[in-house]
Amino acid sequence: MLAKRLFDIAAALAGLLLLAPLLLLLAAWVRCDSPGPVLFRQRRVGRHGAPFQIIKFRTMAAGAERDGQLSVADDQRATRAGRWLRRHKLDELPQLVNVLRGDMSLVGPRPEVPRYVAHYPPAVRSVVLSVAPGITDWAALRFRNEGELLRQAPDPEHAYLHQVLPIKLAYYARYVQRRSFAIDLQILLCTVATLLFGVRRKRPLLRIVRSSRLMPGGRQSVLIDWLRGLAALQVAAAHLRAQVFPGLGALTDPPLWYQGLAFVTGFAHQAVLVFFVLSGWLVGGVFLDRSHNVPRARALRDYAVDRATRLWTVLLPAFVLMLALAWDGALPRSDLAMAGSAWSLTTLLGNLVGLQTLAVPPFGENFPLWSLANETWYYVLFPLLVTGARAGSAWWRSGCVALALALTVLLGAAVTGYFLVWLLGVAASRLRFDFSAAQRWLWRGVLLVVAALLRLGGQDGDFTLATLGPDLLLAVLLVVCLCSVGRGRPVAAVAKTGAFLAGFSFTLYVVHIPLQRMLWSYRDGALLAPGDAASLAVYAAMLAVVLALAYLFHLPFEAQTGRLRRLLRPRLPGDQDLARTVKTAPAGRSADAG
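Residues numbered from 1 in each chain as written. Predicted model: local features only at pLDDT ≥ 70, side-chain atom pairs only at ≥ 80, totals over all residues. Heavy atoms only, no water.

> Any chance you could explain the packing of aromatic side chains here in plain terms?
Two descriptors summarise a pair of aromatic rings, namely the distance from one centre to the other and the angle between the planes of the rings. Tallied over the entire structure, the rule returns 29 aromatic pairs. A centroid spacing of 5.0 Å and a plane angle of 40° characterise the contact between Phe-500 and Tyr-551, whose relative ring orientation is tilted. Taken as a pair, Phe-500 in helix α22 (residues 492–503) and Tyr-551 in helix α24 (residues 534–554) lie far apart in primary sequence, 51 residues in all. Aromatic side chains Phe-504 and Tyr-551 sit 5.5 Å apart centroid to centroid with 80° between the ring planes, which places their arrangement in the edge-to-face category. In this pair, Phe-504 sits in the loop between α22 and α23 (505–522) while Tyr-551 sits in helix α24, placing the two residues 47 residues apart along the sequence. Tyr-551 sits in the partly exposed class, given a relative accessible area of 28%. An aromatic cluster of at least three residues, connected via ring pairs, comprises Phe-276, Phe-287, Tyr-303, Trp-370, Tyr-378, Tyr-379, Phe-382, Tyr-418, Phe-419, Trp-422 and Phe-463. Directly above the ring of Phe-143 sits Arg-142, whose terminal nitrogen or CZ lies 4.7 Å from the centroid. The ring centre of Tyr-171 lies 5.6 Å from the NZ or CZ of Arg-174, which sits over that ring. (Phe/Tyr/Trp six-rings, centres within 6.5 Å; stacked < 30°, edge-to-face > 60°. Helix = DSSP H or I, 4+ residues; strand = E, 2+ residues; numbered from the N terminus. Buried < 20%, exposed > 50% of the residue type's maximum accessible area, 1.4 Å probe, protein only. Lys NZ or Arg CZ within 6 Å of the ring centre and 35° of its normal.)

> How should I be thinking about the pairing of strand β1 (residues 39–45) in this particular structure?
Strand residues, when the strand is regular, have side chains that alternate between the two faces of the sheet. Pairing analysis gives seven bridges linking β1 to strand β2 (residues 51–57), with the strands arranged antiparallel. When the sheet's bridge partners are listed, Arg-41 is paired in β2 with Ile-55. Hairpin connection of β1 to β2: five residues between the antiparallel strands, including His-48 at a positive phi of 60°. (Pairing = 2+ DSSP bridges.)

> Hey, could you run me through unusual backbone geometry in this one?
Among all residues save glycine, negative phi is the norm, and among peptide bonds the norm is trans. A positive phi is found at Thr-357, a non-glycine position, where the angle reads about 70°. With relative accessibility at 47%, the residue Thr-357 sits in the partly exposed group. For Glu-365, which is not glycine, the phi dihedral falls at a positive 60°. Inspection of the secondary structure puts Glu-365 in the loop between α15 (345–352) and α16 (370–389).

> Help me understand the pattern of salt bridges, please; the structure alone is not making it clear to me.
Close approach of charged atoms lets side chains of opposite charge pair. Evaluated as defined, the whole model comprises 13 salt bridges. Here Asp-184 ties to Lys-4 by a salt bridge, and the two come within 2.6 Å at their closest N and O atoms. In this pair, Asp-184 is assigned in helix α10 (residues 181–197) and Lys-4 in helix α1 (residues 2–18), connecting sequence segments 180 residues apart. Accessibility classification places Asp-184 together with Lys-4 in one group, the buried group. A salt bridge links Glu-146 to Lys-168, with the shortest nitrogen-to-oxygen separation between them at 2.6 Å. Of this pair, Glu-146 sits in helix α8 (residues 146–151) while Lys-168 sits in helix α9 (residues 156–178), and the two are 22 residues apart along the sequence. For Glu-146, a relative accessible area of 15% corresponds to the buried category. What you see here is one network of salt bridges that share partners, running through Arg-290, Asp-306, Arg-565 and Arg-569. (Salt bridge = Lys/Arg side-chain N within 4 Å of Asp/Glu carboxyl O.)

> Would you explain the side chain of Glu-92 in this entry?
Take Glu-92: it is sitting in the loop between α3 (80–87) and α4 (95–101). Within polar-contact distance, the side chain of Glu-92 engages the side chain of Arg-110 at 3.2 Å. Beyond its immediate stretch of four places on either side in the chain, Glu-92 contacts Lys-56 and Arg-110. (Polar contact = N/O pair within 3.5 Å; in protein donor to acceptor, adjacent residues only side chain to side chain. Contact = heavy atoms within 4.5 Å.)

> I would appreciate a short explanation of the confidence of the model for the protein chain in the present structure.
For any part of a model where pLDDT is low, the fine detail of the predicted coordinates should not be relied upon. Residues with a pLDDT of 70 or more make up 91% of the protein chain, whose mean pLDDT is 85. Every residue in residues 577–592 is under pLDDT 50, and counting partners more than four places away or in other chains gives 27 contacts. (pLDDT = per-residue confidence, 0-100.)

> Just to check I follow, could you spell out the packing of helix α14 (residues 296–328) against helix α25 (residues 561–568) for this structure?
For any two helices packed against each other, one specifies the crossing angle of their axes together with the interaxial distance. Look at α14 against α25: their axes get within 10 Å of each other, and the N-to-C directions meet at 140°. As judged from the angle between their axes, α14 and α25 are oblique. α25 is crossed by α14, and the crossing has right-handed handedness. Counted together, Val-305, Asp-306, Arg-307, Thr-309, Arg-310 and Thr-313 of α14 and Thr-561, Leu-564, Arg-565 and Leu-568 of α25 form the full contact between these two elements. Among the residues forming the contact of α14 with α25, the class breakdown is three nonpolar, three polar and four charged. (Axes fitted to C-alpha atoms, helices over the stretch in contact; angles between N-to-C directions. Parallel < 35°, antiparallel > 145°, perpendicular 65-115°, else oblique. Left-handed = near helix turned anticlockwise from the far one by under 90°. Nonpolar A, V, L, I, M, F, W, Y, C, P; charged D, E, K, R; others polar.)

> Even after reading the chapter, I still don't get the layout of surface pockets, so can you show me in this structure?
Leftover empty space is mapped by rolling, across the atoms, a probe with the size of a water molecule. One number sums up the size of the second largest pocket: a volume of about 1100 Å³. If you trace the second largest pocket, you find 34 residues lining it, with Leu-223, Leu-227, Leu-230, Leu-447 and Leu-448 closest to the centre. Those elements that provide at least two residues to the lining of the second largest pocket are α11 (219–244), α12 (256–264), α13 (268–293), α20 (437–456) and α21 (465–482). The element that contributes the greatest number of residues to the lining of the second largest pocket is α11, accounting for ten residues. Class assignment for the residues of the lining of the second largest pocket results in 27 nonpolar, four polar and three charged. (1 Å grid on protein atoms, 1.4 Å probe; cavity = no way out; pocket = protein on both sides within 12 Å on 5 of 7 lines; lining within 4 Å. Points joined across faces, edges and corners; volume = space filled by probe spheres on them.)

Shown next, in the form of structure tokens:
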């Protein structure tokens, strides 16, 4: 329950911060629409029968509760603002404060007033009141139009007590008996989907799948391959343009083609955000799969092997390449023996374990390596949280959660904040939206428009708390698009091209800076002239050379990651049981992609 409480606090706090402008607007509307307080407080029964004051936006005239506590659709006591708030369920938003206080949870049986709790059968009352009440649950979704149902009844009070309440209690008891984090997440997502899309559908709008495995050649798998490849290409193109051309702000009258180039290659910030989401899907999702199929210790062991081979198979050869280029004079370098320098042994070792920008600088002044520090610690935080949430020794769970909390404090607010983006990727690995073709294209259009607006608004720098809110919005839109790609298989050539680009995307991300600097040094550091259209051809040729060299460099290293893992695993203790588990697992995309 500790993990559920921590999730409630984090989600409620994030919701209050993100929805603060909307809450202020709604509060102002309620205040101006009718006399009386903005908030409505009412005594409800909480966990173990403890009373508390629930908070809502006031939707009725002041003092309306004296005429009865049951409300129906088109209640004459409702205000104009209140009818709209109740129709869209926005009057419930202030209950996020109740969640922070600990009176309620995000998901749980809806709290009732004492007079209705008195009608609970004793056996059901002890079950329902054994957990904290929630803002939403299956019963709230089932009776979303409860007011309309009661309005049609000759006696609304009798209909509620003898028809609606027994069904609600059955939902409540079933939830308490089967509750889990996965069910809570499903209820939250169904609630959001119902609020956004309204009526229930014959086919569920949202499904939660049991496995994150992607079928090779499927649309989702191909889309992820293309996103991985294009994100790495975007980062390389952006950094090359910044290195070989003067800054756009330094030009008084830049030509139109250069303005277009600067815009198109200006999405490096968003590209790294894509990497975080996909990393959560491919890494976190696979860990969840494995932790369900094999013992916890073995799952953690293989997870550690996969993460280490993924990082070090590329980083170690890349660092050797950088040292060779620096020794040859193609890269500027400081004294290798100088403690704390970008080229020291301490810095190299620190970059291998994710300490760049935290305790040491990025090795060889290869500044894109900062994001690998974030991902390395996300690789550590996630299994700690999962282990802390799973059944087992209370001491073991508490220790994992305490260690995770200590790490978040040490890593700082910005690194920890962007862990939410990574977790969105984990959630995406389990979600599937059933959209029509028109809805899918609408969401994709919204994603592109928001990305362009953020780019024009200057969202292209460091990842800080100031950029977290807009980036979370963009990440949510990306997740929706990833989880609603539709069925079928794309053209084989499209799938092969995506797999080709994704295959060396990590190598390209790691080595593009030293390769670009090497090419730049051969030009003696001379900048290209934006006024000369031929400069675009030179830029394109340099980018093509960087891509070709990165591809060749990945062949003996990144391309062999899967082979290295298969070589190591049989030599680890207890691998025979794992081999039997893998043989019985369903076919799908290999975890080597992550």
